[in-house]
Every structure is written in C-alpha cells, then in structure tokens.
Amino acid sequence: MQNFPGLFSSMAMMFDRESRAGLKLVSTPFGFSLLLLAAPLLMMLLLSFWTQDYLVLDRTLTLDNYREIGSHPVYALLLKRSLTISLIVTLVTVLLAFPMAYYISFYGGKRKSLWLFLITIPFWTSYLLRIFLWKIILGYNGVLNSTLQGLSIIDEPLTFILYNANAVVIALAHAWAPFAILPIFVALEKIDRSLLEAARDLGDGAVRRFFRVTLPLAMPGIVAAALIIFIPTIGDYVTPKLVGGTDGLMIANMIQVQFSKANNAPLGAAIAVTAMIVVGLFALTFVLLNRRWLRRQA
Amino acid sequence: MRAPRSFTVFVGLYLLFLYAPVMLLPIFAFNDSAVIAFPLKGFTFGWFAGLANESTLFVALKNSLIVAVSSAVLSTCLGVLAARAAARYEFFGKKPIMSFLMLPLVLPEIIVGVSLLIVLVQLGLDLNVWTVILGHVLVCMPFSIAILLSAFNNMDRFLEEASLDLGATRRETFFRVILPLVMPGLMSSLLIGFTISLDEFIIAFFLTGTEPTLPVYIWSQLRFPSKLPGVMALGFIMLILSLVLLTAGEYFRNKSAALAAHENKQ
C-alpha cells in the first residue's frame, strides 16, 4: 500500500497540463525514433527467424539461422576476435586518453578550450581517408618504416604492423581518441579540487591520492568513454577491411557480406542480433563490476 | 602549476600520434607523383585541377550536400522539440524517452543502417538520398539534443514568463523570445549535424542505392591506385572546409555561453 501515493501522483502527472505539454512536444522526435529505430530493430529480430534461399524469402519462423551460427566455428571465431579487438581498443584508447585529459584539466590553465579544439581537429578529416592514411604510415615501405630505417633504428621493415589485428587496433585507437578524451575531461573537471588538497593535508601521497580520490571520482567519465568506444567499434567493417588483412576481419564484415554479396539478409540479421546480445552482456557486466568496485571504494 | 617533464613528453608524442594521418594529407595532395609513398617528388597543383574533370565526384558532392543540409535541418528541428520538452517540462516517462532518443550514440552504425535497410526492402521502397537522410537524422539527433538541451537550460526562464505576462501568445513567445535566445545553440547544432552527415559512411553505404554520397564515392575510388592522389587532394579540401565550419560553430557556441553569462549577471 506504501506505493499507492507514488503511483497516484505519477498517474496524476500523466494527465496534468504540464505533463501533456511536454509529451506533446516530445511526441514528434519520439515518434520518429520509434518508427525509424525501434520498429526496424524489431523487424531485424523478426527477419533473423526467417530464411532466404537466394531470392525466395521463407517467412516460417525457425531457428535455422542461429543453428547455422552455432554450428560453423567461423562465426564464433569472428565474434571472439571482434570482442578481443574491441576490448583492447577500448583499453588502449582509455589508457592513452586519460593522461591527455588529465593534462588538459590540471595543467591546461586558461587555454582549456583551445586544447580541446586542438585535439578534435584531426578528426574532422574524412573517416575513410584517416583509416587509409594509416595504411600509408604502417605499410612495408610506409612512413614509419622509412623513418625508422632512415634513423637506423631497424634494418628490416616491420611487418607486424599492417594487414593484421595490430593495425586495426592502432587505427581504431586513433579514430576513437576524442570520444575517450572528452568524457574523461568532463569528469575530471567536475572534481572539487579542495578534495585533493584535503587528501594531501591528511597525509596521502600523490599515488595514494590518485587511486583513492581522483580515479574513483573520474570513473563516470571513464565508464562513459569505455561504453562509447566498445559498443560501436564492434560494428566497424571499414577499418578491418582497409588495414586488417584476412586475420583482422571482424564480425561486422560478415554482416556486411550477408547483406551484399551473399544476399542472405536473414542470416545477416541473425549475426547482428547475436553480436548485439553478446556486446550488450559484456557492457552490462562491465557496468555492474564497476559499480561494485566504486561501492567498495566508498 | 607546471606539469612534470615526462608528462609533457607523453602529451607531445600523443599529439603527434593524433596528427600523424592528417599531416600526410597536404603532403600527398601536393606531391607530384602518382604513387602515394616517400620519397616525395615535387610540388604540383595537378591533382586539384584533375578533380575538375571527375563528373561523378560532382554528382556525389551534390548528393552529399542535399543529405547533409536536410539531415542537419531535420535533426535540429526534432532536437529543438525534444530539448525544449526536457528542459521546460516534467512529463510521464521523461527519462526512458530521452534515453531512447540518445540510444544511437552507443549503437553500432552498422546496426542502424542494416535494420533500416531491412524495413525499406520489406516495404519495397527504393533506396535514394532520402533513405540516407532518414538514417543520418537518427545519428545526428542525439548530438542536436545534447547541444540544444544546454542552450535551453542556460536560457533565463523569467524572460519567457515576462513575455507571457505582457500579453504575447505562447506561439509569439516561442518564435520571438525563446528561439532568438537559443539561436547560437541552434546554429551549433546545424553545423555539427552537417559535419557528421557529410562524413558518415557506414549507414550511407547501405542506404544509398544508386545515388552515392561523397564518402561512398571516396570508398569506390580507394580501390584504384591511380585515383589516390586525387582523393588526397579532395580530402585536403574537405579538411579545410570542415575547419572553417567548425571554427564558425565554436564561435557561435562561445557567443551562446557569453550571452548566458551576461544574462546571469543581470
């Protein structure tokens, strides 16, 4: 019975004028998203239970596509590789971005917004060209190898940096850098500097203070950065195709092939649904683990 | 406060990493060689001049401009409605509705593209620039909402109330008081939407049909080694244009912040 007043007030809210005015305003964008995002996602789910033989679409519901995914090891292999690459990309990007964001927030002085602008400039070049230019940098006769050979640091060109998973990680860690720097910077900016002084006055050393005060308080930014990078990178098929070679192909390449060359949209939909569920579970676990860690710190 | 030396070195190296690809763009756009590799040959404007003969490029450019302008305008209009609702009113289901509108931010683009493609194919609709626009509005809208939400939140609510008290209708108040106040946010949302849409490839690739956008055109060119220097020149032009647009966007954003600060003081 305790919930009754709450329930009552939310029902009342549903019908009061303010709520109606708000709903009326938001209904157009909400309707747009329902029609063009929610409905298509449900349609994709439905399609994954249908089958297609060349051009003939069979609308009987079946789990055949999922059985196909379960029985051929190539799907599990691609999914595992995609998850590994995305996890490494997320880790590398956040680890590199954190000091950068920290530097801007703590040593940026009055030029913070200029620093942020400086960091976003490289990312307003065409995405395709940026990935392609990494191919030129990392290639056998590429910029990096010629420079290192010119400086006599290496004798033979390095070959482990192009057409494999390493190249994909480098190119993606570059492409997603601002998406990590910005949220971490925002979180660091919100930290009350007097808390850090208090920790120092109470005898915490720099390292201890960092792990007990700065890092836990910056965690919301780190979590946001990790999710914004981890989930979308799974769906990238351009980077693996341009710099990944055959050993760097990811699950999104398989989805793309099913929708074009292989002309098997239902199987493609099933792969996409499977990938989304797995990625969603990973993201959820990460958020829950992080919440537990933060509670232990507090 | 000064940063430790090793810290400054790290920041320098990281910036070098961030700028490495972009720095190569002008180098190869002006390099007088059909091969994209070192050592450099000589200086030329030839690749830029060569672009003038690429008729498919101009078709793609026209498509891209239609898509980018329409996406920016539509996502800003929808963003105004959502941001105004969230900033001004408490309504039933506000939190889930707003989170749902922001969802494309963390959704892989391939999922957005493919799911839209499925529906369009099932409905038997043709793919053209308009189908690309639908997809782009979805991914631009979260950015528009975020920018406009802060613009509406910074706005002084007393001005709106004063306008209503002085006898203006709700409609007049919205168009003559509220909208001018959030104008810098509006411009900034339009520019961000335009730039995102202009560069978006993954969704456009699935939904473009026979009317390629600029990134889809670039993708088709990357397969031909002889076309690469021209692509570099094109990329360089686009970089300069983006920088001009973004500097303008930054200007409007700062103006919006300054306006808000000024009002708060009063």
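Everything numeric here is computed off the predicted structure, so don't read it as measured data.

**Some words on the overall build of chain A**
Then, number 1: Across its full length, chain A holds 14 helices and two strands.
Then, number 2: Here chain A has a C-alpha radius of gyration of 24 Å; the compact-globule value for 298 residues is 19 Å, and the former is much larger.
Then, number 3: With the C-alpha coordinates aligned to their principal axes, the bounding extent of chain A is approximately 75 × 70 × 35 Å.
Then, number 4: Looking at chain A as a whole, 50% of its 298 residues are labelled buried.
Then, number 5: Within chain A, residue pairs in contact and separated by at least 24 positions form 67% of the contacts whose partners lie at least 6 positions apart.
Then, number 6: Here chain A has roughly 15,300 Å² of accessible surface; of this, 67% comes from carbon and sulfur atoms.
Then, number 7: Charge centroids of chain A, computed over 24 positive and 15 negative side chains, lie 7 Å from each other.

**A closer look at the overall build of chain B**
Then, number 1: For chain B, the helix and strand inventory stands at 12 helices and zero strands.
Then, number 2: With the principal axes as the frame, chain B shows a C-alpha extent of 70 × 65 × 35 Å.
Then, number 3: Counting over 266 residues, chain B shows a buried share of 51%.
Then, number 4: In chain B, of all internal contacts separated by at least 6 residues, the share reaching a separation of at least 24 is 71%.
Then, number 5: If you sum the accessible surface of chain B, you get close to 12,700 Å²; carbon and sulfur atoms cover 68% of it.
Then, number 6: The distance from the centre of the 17 positive side-chain charges to the centre of the 15 negative ones in chain B is 6 Å.

**Overview of the packing of helix 7 (residues 157–165) of chain B against helix 8 (residues 170–181) of chain B**
Residue and element names in this part refer to chain B.
Then, number 1: Interaxial distance between helix 7 and helix 8 falls to 10 Å at its minimum, and their mutual angle equals 150°. In terms of orientation, helix 7 and helix 8 fall into the roughly antiparallel class. In this structure, helix 7 meets helix 8 at a crossing whose hand is right-handed. Of the residues in helix 8, those touching helix 7 at Leu159, Glu160, Ser163 and Leu164 are Arg170, Thr173, Val177, Ile178 and Leu181.
Then, number 2: The residue makeup of the contact of helix 7 with helix 8, split by class, is five nonpolar, two polar and two charged.

**Here's the deal with the interface of chain A and chain B**
Then, number 1: Between chain A and chain B, the residue contacts involve 76 residues of the former and 76 residues of the latter.
Then, number 2: Of the roughly 7,200 Å² buried where chain A meets chain B, counting both sides, 84% is carbon and sulfur surface.
Then, number 3: A per-residue breakdown of the area chain A buries against chain B is headed by A:Leu37, A:Tyr107 and A:Trp124, which together make up 10% of the total.
Then, number 4: Put simply, chain A and chain B have zero salt bridges between them.

**Here we look at the state of the cysteines**
All names here are of chain B.
Then, number 1: In total, this model carries zero disulfides over all chains according to the counting rule given.
Then, number 2: Here Cys77 stays free of any disulfide, with the sulfur of Cys140 as its closest cysteine sulfur at 13 Å.
Then, number 3: Among the residues examined, Cys140 registers a relative accessible area of 1% and is labelled buried.

**A few points about the side chain of B:Ser70**
Then, number 1: Relative to the elements of secondary structure, B:Ser70 occurs in helix 3 (residues 55–88).
Then, number 2: Beyond its immediate sequence surroundings of up to four residues, B:Ser70 is in contact with B:Trp130 and B:Ile133.

**Topic: the confidence of the model for chain B**
Then, number 1: Averaged over every residue, the pLDDT of chain B is 88; the share at 70 or more is 95%.
Then, number 2: If you check the scores for this complex, the pTM reads 0.86 and the ipTM reads 0.86.

**As for the environment of B:Ile145**
Residues and elements named next belong to chain B.
Then, number 1: Inspection of the secondary structure assignment puts Ile145 in helix 6 (residues 129–154).
Then, number 2: On the basis of relative accessibility, which here comes to 1%, the residue Ile145 falls in the buried class.
Then, number 3: Sequence separation between Ile145 and Met102 is 43 residues; the distance between their C-alpha atoms is 8.1 Å.
Then, number 4: Ignoring anything within four residues of it in the chain, the contact list for Ile145 reads Gly79, Ala82, Ala83, Met98, Leu101 and Met102.

**Re the packing of aromatic side chains**
Then, number 1: Counting across every chain of the model gives 32 aromatic pairs over all chains.
Then, number 2: Centre to centre, the rings of B:Phe30 and B:Phe48 are 5.0 Å apart; their planes meet at 35°, and the pair counts as tilted. Of this pair, B:Phe30 sits in the loop between helix 1 (5–29) and helix 2 (46–51) while B:Phe48 sits in helix 2, placing them 18 residues apart in sequence. Per residue, the accessibility class of B:Phe30 equals that of B:Phe48, and both read buried.
Then, number 3: Linked through ring pairs, A:Phe98, A:Tyr102, A:Tyr103, A:Phe106, A:Tyr107, A:Trp115, A:Phe210, A:Phe211 and B:Phe7 together constitute an aromatic cluster.
Then, number 4: Note that A:Arg193 overlies the ring of A:Phe106, its terminal NZ or CZ placed 4.1 Å from the centroid.

**A look at the pattern of salt bridges**
Side chains that differ in charge, positive against negative, can pair when their charged atoms come close.
Then, number 1: The tally for this structure, following the rule as stated, stands at 10 salt bridges over all chains.
Then, number 2: The partner of A:Glu189 in a salt bridge is A:Arg193, and the shortest N-O contact between them spans 3.8 Å.
Then, number 3: Its relative accessible area of 32% is what places A:Glu189 among the partly exposed residues.
Then, number 4: B:Arg88 serves as the salt-bridge partner of B:Glu160, at 3.2 Å between the closest nitrogen and oxygen. You can see B:Glu160 sitting in helix 7 and its partner B:Arg88 sitting in helix 3, a full 72 residues away along the chain.
Then, number 5: Exposure remark for B:Arg88: the relative accessible area of 17% places this residue in the buried category.
Then, number 6: One salt-bridge network, in which partners are shared between bridges, spans A:Lys112, A:Glu189 and A:Arg193.

**As for the environment of A:Gln297**
All names here are of chain A.
Then, number 1: Along the polypeptide, Gln297 turns up in helix 14 (residues 265–297).
Then, number 2: The exposure class assigned to Gln297 is partly exposed, which follows from its relative accessible area of 37%.
Then, number 3: When the C-alpha atoms of Gln297 and Phe211 are compared, they prove to be 9.6 Å apart, with 86 residues separating the residues in sequence.
Then, number 4: Residues contacting Gln297, with those up to four places away along its chain left out, are Phe211 and Pro216.

**Some details on the side chain of A:Ser19**
Then, number 1: Within the secondary structure, A:Ser19 is located in helix 2 (residues 17–47).
Then, number 2: A polar atom in the side chain of A:Ser19 sits 3.2 Å from the backbone nitrogen of B:Phe92.

**Examining the environment of B:Gly235**
Then, number 1: You can see B:Gly235 is positioned in helix 12 (residues 228–265).
Then, number 2: Looking at B:Gly235, the relative accessible area reads 2%, which means it is buried.
Then, number 3: If near-sequence neighbours (up to four positions away) are discounted, B:Gly235 is found in contact with A:Thr125, A:Leu129 and B:Leu25.

The rules behind these values
- Residues numbered from 1 in each chain as written.
- Chains lettered and ligands numbered in written order.
- Predicted model: local features only at pLDDT ≥ 70, side-chain atom pairs only at ≥ 80, totals over all residues.
- Heavy atoms only, no water.
- Helix = DSSP H or I, 4+ residues; strand = E, 2+ residues; numbered from the N terminus.
- Rg over C-alpha atoms; globule rule 2.2 N^0.38 Å.
- Buried < 20%, exposed > 50% of the residue type's maximum accessible area, 1.4 Å probe, protein only.
- Contact = heavy atoms within 4.5 Å.
- Areas by Shrake-Rupley, 256 points an atom, 1.4 Å probe, with all protein chains shown as cover.
- Lys, Arg positive; Asp, Glu negative; His and termini not counted.
- Charge placed at Lys NZ, Arg CZ, Asp CG, Glu CD.
- Axes fitted to C-alpha atoms, helices over the stretch in contact; angles between N-to-C directions.
- Parallel < 35°, antiparallel > 145°, perpendicular 65-115°, else oblique.
- Left-handed = near helix turned anticlockwise from the far one by under 90°.
- Nonpolar A, V, L, I, M, F, W, Y, C, P; charged D, E, K, R; others polar.
- Buried area = accessible area lost by both parts, 1.4 Å probe.
- Salt bridge = Lys/Arg side-chain N within 4 Å of Asp/Glu carboxyl O.
- Disulfide = S-S within 2.5 Å.
- pLDDT = per-residue confidence, 0-100.
- Phe/Tyr/Trp six-rings, centres within 6.5 Å; stacked < 30°, edge-to-face > 60°.
- Lys NZ or Arg CZ within 6 Å of the ring centre and 35° of its normal.
- Polar contact = N/O pair within 3.5 Å; in protein donor to acceptor, adjacent residues only side chain to side chain.

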